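Topology and contacts: notes
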Amino acid sequence: MPKLKLIIGTYNSISIGLTEAETETLYQNAFKPLLGLMYTFPELSFTLQYSGTLLAWLDKRHPEFTDVLSEMAARKQIELLGGAFHDPILTVIPRSDRLGQIENMTTYLRKRFGRRPRGGWLAETEWEPSLVSTLGTCGMDYIFLGENHFRSAGIPPADSFAPCITEDQGKTITVFPLFEDLSRRFCPPEPEEMLASLRALVSHREERLVTVLIDGALLGEGPGSRAACFDDKRIEHLFRLLRDAGDWLETIQPGRHLRQSLPRRKAYFPSG
């Protein structure tokens, strides 16, 4: 039986207007404990995005955190995503600013972690087709778009378990399907419920890929957090369940998946 491939991780940023104390609370209650748990599960692969603003703050206030990120990236346990440095909505800023933001982020990650990101995160998954040429010019190989985008592209749910290629002005980029509903249900179901939801997606006929990326600020309590939906013990239990489900599930990073299996389907994703 083909295994279910799971891309799992978080996207992380700090909201405009947060005070230093509020950012510190978010770090202590969300970003730090999650990375600590990930570190203790080297058998699992994770995909992580941090805005450039947040990484700069972490490097200044908690360089031990980015040192751990660097170690995990070196042992290939995590893949760090690029994108726009200040996490803006790319569709509402000029092309020159898009290019500058993405290149600044790429340069930061390359200098700090020793490798160039191949994939990018789009804030709020806001999309328009012209972004393909921008992202392609900046050397991005892939991005993530949600279920509504795939439906708008005419891809039925049964066929949305694999990435596809989209094109603009001679540039192409791979689009990974982001399972937004499943990502939202990451908070607050019990770990067993989450695992059952994943198990239900296994196919006996084909290999399937599922992407679950959640807002890292959902972990914390207090100022700066978006919600407080689960605690460290539940996350640790979920990671243990994922590790022990190796007979039917494999965690994988998007870059490695593309090296193993190139997408075959092409699609046009309208603005949304």
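The structure we're discussing is the one just above.
Rules used in this analysis
- Residue positions within a chain follow its written sequence, with the count starting from 1.
- Two thresholds apply to this predicted model, a pLDDT of at least 70 for residue-level local features and 80 or more for giving and counting side-chain atom pairs, whereas whole-chain, interface and lining totals are computed over all residues.
- Here the side-chain values reflect all heavy atoms present in the structure, with hydrogen atoms and water set aside.
- Runs of E in the DSSP output that reach at least two residues are strands. Runs of H or I that reach at least four are helices, and both are numbered from the N terminus.
- Expected span, for any helix, means 1.5 Å times one less than how many residues it has.
- Only protein chains enter the accessibility calculation, which uses a 1.4 Å probe; a residue is then buried when its area is under 20% of its type maximum, exposed when over 50%, and partly exposed in between.
- Summarising the geometry, the arc corresponds to the directions from the helix axis toward the C-beta atoms.
- The contact criterion used throughout is that any non-hydrogen atoms of two residues lie within 4.5 Å.
- A pair is scored as a salt bridge if a Lys or Arg side-chain nitrogen falls within 4 Å of a carboxyl oxygen belonging to Asp or Glu.
- Only the six-membered ring of Trp is used, alongside the rings of Phe and Tyr, when aromatic pairs are assigned; centres must lie within 6.5 Å, and planes under 30 degrees apart are stacked while those over 60 apart are edge-to-face, with the rest tilted.
- Working rule: Lys NZ or Arg CZ, within 6 Å of ring centre, within 35 degrees of ring normal, means a charge sits over the ring.

1. Here we look at helix H3 (residues 63-74)
- In this model H3 runs 16 Å from its N-terminal to its C-terminal C-alpha over twelve residues, within 8% of the 16 Å that 1.5 Å per residue would give.
- Listing the buried residues of H3 in full gives Phe-65, Thr-66, Leu-69, Met-72 and Ala-73. Take H3 and look down its axis: the buried residues cluster within an arc of 115°, on one side only.
- Among the structural elements, helix H1 (20-39), strand E2 (46-50), helix H2 (52-61), strand E3 (78-80) and helix H4 (95-113) are those in contact with the buried residues of H3.

2. As for the pattern of salt bridges
- Per the stated rule, a full pass over the model turns up 13 salt bridges.
- Here Glu-236 and Arg-240 are joined by a salt bridge, their closest N and O atoms 3.3 Å apart. Separated by four residues within a single helix, Glu-236 and Arg-240 lie in helix H9 (residues 232-244), roughly one turn from each other.
- Bridged by salt links that share partners, the residues Lys-5, Glu-207, Glu-250 and Arg-256 form one connected network.

3. Some points on the packing of aromatic side chains
- Under the definition given, this model contains 13 aromatic pairs.
- For the pair Tyr-142 and Phe-144, a centre-to-centre distance of 5.8 Å together with 85° between the ring planes defines the contact as edge-to-face.
- Its relative accessible area of 0% is what places Phe-144 among the buried residues.
- Consider the rings of Phe-150 and Phe-269, whose centres lie 5.1 Å apart with planes at 70°: the pair is edge-to-face. Of this pair, Phe-150 sits in helix H6 (residues 147-152) while Phe-269 sits in the segment after helix H10 (254-260), and the two are 119 residues apart along the sequence.
- On the basis of relative accessible area, Phe-150 is assigned to the buried category, the value being 2%.
- Among the aromatic residues, ring-to-ring pairing joins Tyr-11, Trp-121, Tyr-142, Phe-144 and Phe-176 into one connected group.
- The side chain of Arg-112 reaches across the aromatic face of Phe-113, ending 5.4 Å from its centre.
- The aromatic ring of Phe-161 is capped on one face by Arg-208, whose charged end is 4.1 Å from the ring centroid.

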